[in-house]
Amino acid sequence: MPGIDISVTIGATPTEVWSVVEDVAGHVEWMADATEIRFLTDERSGVGVRFECDTKVGPLTTTDVMEITEWEPEQSMGVRHSGAVTGEGRFELEAVEPDHTIFRWSEDLSFPWYFGGPLGEFAAKPVLEWVWRRNLTRLAGIVEERFPRA
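Residues numbered from 1 in each chain as written. Predicted model: local features only at pLDDT ≥ 70, side-chain atom pairs only at ≥ 80, totals over all residues. Heavy atoms only, no water.

Visitor: I'd like a description of the packing of helix H1 (residues 14–21) against helix H3 (residues 117–146), backed by residues and values.
Guide: To characterise two packed helices, one gives the angle between the axes of the helices and the distance between these axes. Orientation of H1 relative to H3, taken along the N-to-C sense of each, is 115°, at an axis distance of 10 Å. For the element pair H1 and H3, the recorded crossing hand is right-handed. Residues Glu-16, Val-17, Val-20 and Val-21 of H1 form the contact with H3, whose own contacting residues are Leu-139, Ile-142, Val-143 and Arg-146. When the residues that make up the contact of H1 with H3 are grouped by side-chain class, the tally is 6 nonpolar, no polar and 2 charged. (Axes fitted to C-alpha atoms, helices over the stretch in contact; angles between N-to-C directions. Helix = DSSP H or I, 4+ residues; strand = E, 2+ residues; numbered from the N terminus. Left-handed = near helix turned anticlockwise from the far one by under 90°. Contact = heavy atoms within 4.5 Å. Nonpolar A, V, L, I, M, F, W, Y, C, P; charged D, E, K, R; others polar.)

See the structure below:
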């Protein structure tokens, strides 16, 4: 799939944003397409953590197997997808203005033949961009509600 890169500016510091994002199990709160996360490792944070994520986009469902490959608190988190859908993903946090963070989400994914392979990837890109933009709006709302500004 041609890569997807989206971002949102959140009215909170990188420390505050990270406190929500570092809770991998909590991603189901702001990712509409992630319905359940089950850890495959005893650890819940840091490089090497593995988990299954039940994912649903429209009528398509899959269990995505992921491993944390990068973990820089308040800066970035990277994952490798190794289930039916394969590829790499990354969250990046950048401090801007007083008390604001640009949160970037990038993904480079490949679909199996039964999800349409390269043609399915092409068709899915605008749908996934739409879903993930909504996810980032939800994330911003959760963070800003948790850390309100006066």
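Visitor: Tell me about the side chain of Asn-135, and name the residues and values.
Guide: In this structure, Asn-135 sits in helix H3. If sequence neighbours within four positions are ignored, Asn-135 has contacts with Trp-30, Met-31, Ala-32, Asp-33 and Trp-105.

Visitor: Give me the lowdown on the sheet that holds strand E6 (residues 86–96), citing residues and values where you can.
Guide: Taking strand neighbours across the sheet as the criterion, the 7 strands line up as E1-E7-E6-E5-E4-E3-E2 in an open arrangement whose pairing is antiparallel. Only two strands of the sheet have a single neighbouring strand rather than two, namely strand E1 (4–10) and strand E2 (34–39). On average, each strand axis in the sheet is tilted by 25° relative to the strand beside it, whichever way the strands run. Relative to strand E3 (residues 50–57), E2 runs antiparallel, the two being bridged by 5 bridges. Following the sheet pairing, Phe-39 is matched in E3 by Phe-51. Packing against the sheet, H3 makes contact with E1, E3 and strand E7 (100–110), and its axis sits at approximately 15° to E1. (Pairing = 2+ DSSP bridges.)

Visitor: Kindly report on the packing of aromatic side chains, identifying the contributing residues and their values.
Guide: Under the criterion given, the structure shown has 8 aromatic pairs. With a centroid separation of 5.9 Å and 50° between ring planes, the pair formed by Trp-30 and Phe-91 is classed as tilted. Here the residue Trp-30 occupies a position in helix H2 (residues 27–30), and Phe-91 occupies one in strand E6, the gap between them amounting to 61 residues. Overall, Trp-30 belongs to the buried group, its relative accessible area being 1%. (Phe/Tyr/Trp six-rings, centres within 6.5 Å; stacked < 30°, edge-to-face > 60°. Buried < 20%, exposed > 50% of the residue type's maximum accessible area, 1.4 Å probe, protein only.)

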